[in-house]
Amino acid sequence: MSVDGFGPALLGSAVVLALLVIRTAVRELRVPGSARHEWTFLRERRGLATFLGTAAALSAASWSVSGPVHLPWAVLAALLVARVSSQ
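Keep in mind it's a predicted model, so treat the numbers as computed, not measured.

K.L.:
An account of the pattern of salt bridges is requested, with residue identities and associated values reported.
P.N.:
When charged atoms on two side chains of opposite charge get close, those side chains can pair. Overall, the coordinates contain 2 salt bridges when judged by the stated rule. Across the pair E38 and R83 runs a salt bridge whose closest N-O atoms are separated by 2.4 Å. Here the residue E38 occupies a position in helix α2 (residues 34–38), and R83 occupies one in helix α4 (residues 71–86), the gap between them amounting to 45 residues. Residue classification places E38 among the buried positions, given a relative accessible area of 7%. Residue R83 is classed as buried on the basis of its relative accessible area of 10%. When salt bridges with common partners are traced through the structure, they connect R27, E38 and R83 into a single cluster.

This is the structure in structure tokens:
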């Protein structure tokens, strides 16, 4: 993917993030208060540090390999790593 391909990477990661938000909304409808519990990891010190550290590492690796094209995927992957590691 070249630098001109930033749009598809951004669109793809936005679709995955939208799916996560929809999943959270459906769970919230079934069990009120579950959305707050599901995204609490971003308020905790460990979860936020994991997210920022992983995002920095993946962004640096992505930037050195393909430039800024895959940065949205790096940020999304860091979000998922922080979420999984905090549970």
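K.L.:
Quick rundown of helix α1 (residues 6–30)? Include the residues and the values.
P.N.:
Given a rise of 1.5 Å per residue, 25 residues ought to cover 36 Å, and the 37 Å separating the end C-alpha atoms of α1 matches this to within 8%. Looking at the buried positions of α1, the neighbouring elements they touch are α2 and α4.

K.L.:
Run through the packing of aromatic side chains, naming residues and quoting values.
P.N.:
Throughout the structure, instances matching the rule amount to 1 aromatic pair. Sitting over the ring of W39, R83 keeps its end group 5.8 Å from the ring centre.

K.L.:
Outline α4, supporting the account with residue identities and numerical values.
P.N.:
What sets the pattern is the α-helix's 3.6 residues per turn: residues three or four places apart point alike. Over its 16 residues, α4 runs 23 Å from end to end, which matches the ideal 22 Å to within 8%, given 1.5 Å per residue. Along its buried surface, α4 packs onto α1, α2 and α3 (45–66).

K.L.:
Please set out the packing of α1 against α4 residue by residue, giving values where relevant.
P.N.:
Between α1 and α4, whose axes approach to 8 Å, the crossing angle comes to 30°. One way to sum up the angle between α1 and α4 is to call them roughly parallel. Taking contact as the criterion, the partners of F6, A9, L10, G12, S13, V16, L17, L20, R23 and R27 in α1 are, on α4, P72, W73, L76, L79, L80 and R83. In terms of residue class, the contact of α1 with α4 is made up of 11 nonpolar, 2 polar and 3 charged.

K.L.:
Pulling in residues and values, what's your account of the side chain of S34?
P.N.:
Position of S34 relative to the elements: it lies in helix α2. Among the polar contacts listed, one links the side chain of S34 to the backbone oxygen of R27, at a separation of 3.2 Å.

K.L.:
Hey, could you go over the packing of α3 against α4 for me, with residue numbers and the actual values?
P.N.:
The packing of two helices is summarised by the inter-axis angle and the distance between the axes. Contact geometry for α3 and α4: axes closest at 8 Å, N-to-C directions at 150°. Classified by the angle between their axes, α3 and α4 sit roughly antiparallel to one another. Remark: the crossing between α3 and α4 carries right-handed chirality. Within the contact between the two elements, α3 uses R46, G47, T50, F51, T54, A55, L58, S59, S62 and W63 and α4 uses L71, A74, V75, A77, A78, L79, V81, A82 and S85. Along the lines of polarity and charge, the residues of the contact of α3 with α4 split into 12 nonpolar, 6 polar and 1 charged.

What counts, and at which threshold
Residues numbered from 1 in each chain as written. Predicted model: local features only at pLDDT ≥ 70, side-chain atom pairs only at ≥ 80, totals over all residues. Heavy atoms only, no water. Salt bridge = Lys/Arg side-chain N within 4 Å of Asp/Glu carboxyl O. Helix = DSSP H or I, 4+ residues; strand = E, 2+ residues; numbered from the N terminus. Buried < 20%, exposed > 50% of the residue type's maximum accessible area, 1.4 Å probe, protein only. Expected span 1.5 Å × (residues − 1). Contact = heavy atoms within 4.5 Å. Phe/Tyr/Trp six-rings, centres within 6.5 Å; stacked < 30°, edge-to-face > 60°. Lys NZ or Arg CZ within 6 Å of the ring centre and 35° of its normal. Axes fitted to C-alpha atoms, helices over the stretch in contact; angles between N-to-C directions. Parallel < 35°, antiparallel > 145°, perpendicular 65-115°, else oblique. Nonpolar A, V, L, I, M, F, W, Y, C, P; charged D, E, K, R; others polar. Polar contact = N/O pair within 3.5 Å; in protein donor to acceptor, adjacent residues only side chain to side chain. Left-handed = near helix turned anticlockwise from the far one by under 90°.

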